[in-house]
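Structural overview for review
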Amino acid sequence: QVQLVESGGGLVQPGGSLRLSCTTSRGKFTIAAMGWYRQAPGKERELVARSVNGGYTQYADFVKGRFTISGVNGGNTVYLQMNSLRPEDTAVYYCNADARWGKVERSYWGQGTQVTVAS
């Protein structure tokens, strides 16, 4: 079992910035990838950004140029720097980690952290 602990959410004005962080528990596994998803009220959970151990990153079109994911690449912590935040970025942000034991890979989720963008 892998636990994920998220932090960094909160209330910010439009145009402001927040930095989310997520750390996994330690164990006899390697982290294959980590990422951030979000879910707004009444909407489905959607990918925000994802980073594969080794350097490949993926961003949703709606955050390109505003958000930056970092911290994966042999580690167990991922960050999401969010700049130029907009009211439509308001959502619960969930951390996701793909943990690998040999050939077995499982996906885990954090509890979510609320991000509210409002004036």
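Located above this text is the structure these notes cover.
Since the structure is predicted, the reported quantities are computational estimates derived from the model, not experimental observations.

1. Some thoughts on the side chain of Asn76
By secondary structure assignment, the location of Asn76 is in the loop between strand 7 (67–70) and strand 8 (77–82). Among the polar contacts listed, one links the side chain of Asn76 to the backbone oxygen of Thr24, at a separation of 2.8 Å. For Asn76, the side chain forms a polar contact with the side chain of Arg26, separated by 3.4 Å. With residues near it in sequence (within four places) discarded, Asn76 still touches Cys22, Thr23, Thr24, Ser25, Arg26, Ile31 and Met34.

2. Digging into the nonpolar core
Grouped together as the largest cluster of nonpolar side chains are 30 residues, with contacts concentrated most on Trp36, Leu80, Met82 and Tyr93. Among the elements that line this core, the one with the most residues is strand 9 (residues 91–101), at five residues. With near-sequence residues (within four places) excluded, Met82 lies in contact with Gly16, Ser17, Leu18, Leu20, Arg66, Phe67, Tyr93 and Val115.

3. Description of the pairing of strand 10 (residues 104–109)
Pairing between strand 9 and strand 10: six bridges, direction antiparallel. Residue pairing across strands places Asn96 opposite Trp109, the latter belonging to strand 10. Connecting the antiparallel pair strand 9 and strand 10 is a turn made up of two residues, with Gly102 showing a positive phi of about 60 degrees.

The rules behind the values
Counting starts from 1 at the beginning of each chain's written sequence and moves along it residue by residue. Under the rules for a predicted model, residues below a pLDDT of 70 receive no local features and side-chain atom pairs below 80 are neither given nor counted, while totals for whole chains, interfaces and linings still include all residues. Excluding hydrogens and water, the side-chain values take into account all heavy atoms of the structure. In this text, helices come from DSSP runs of H or I with a minimum length of four residues, and strands from runs of E with a minimum of two, each type numbered from the N-terminal end. Polar contact is defined as a pair of N or O atoms within 3.5 Å, subject to the rule that within protein one atom must be able to donate a hydrogen and the other to accept it, and that residues adjacent in sequence are counted only when both atoms are side-chain atoms. Residue contacts are counted whenever heavy atoms from the two residues lie within 4.5 Å of one another. Note on terminology: a nonpolar core comprises buried Ala, Val, Leu, Ile, Met, Phe, Trp, Tyr and Cys residues joined through side-chain atoms within 4.5 Å. When a residue's accessible area, from a 1.4 Å probe over protein chains only, is under 20% of the maximum for its type it is buried; when over 50% it is exposed; and in between it is partly exposed. DSSP bridges decide pairing: two strands pair if at least two such bridges lie between them.

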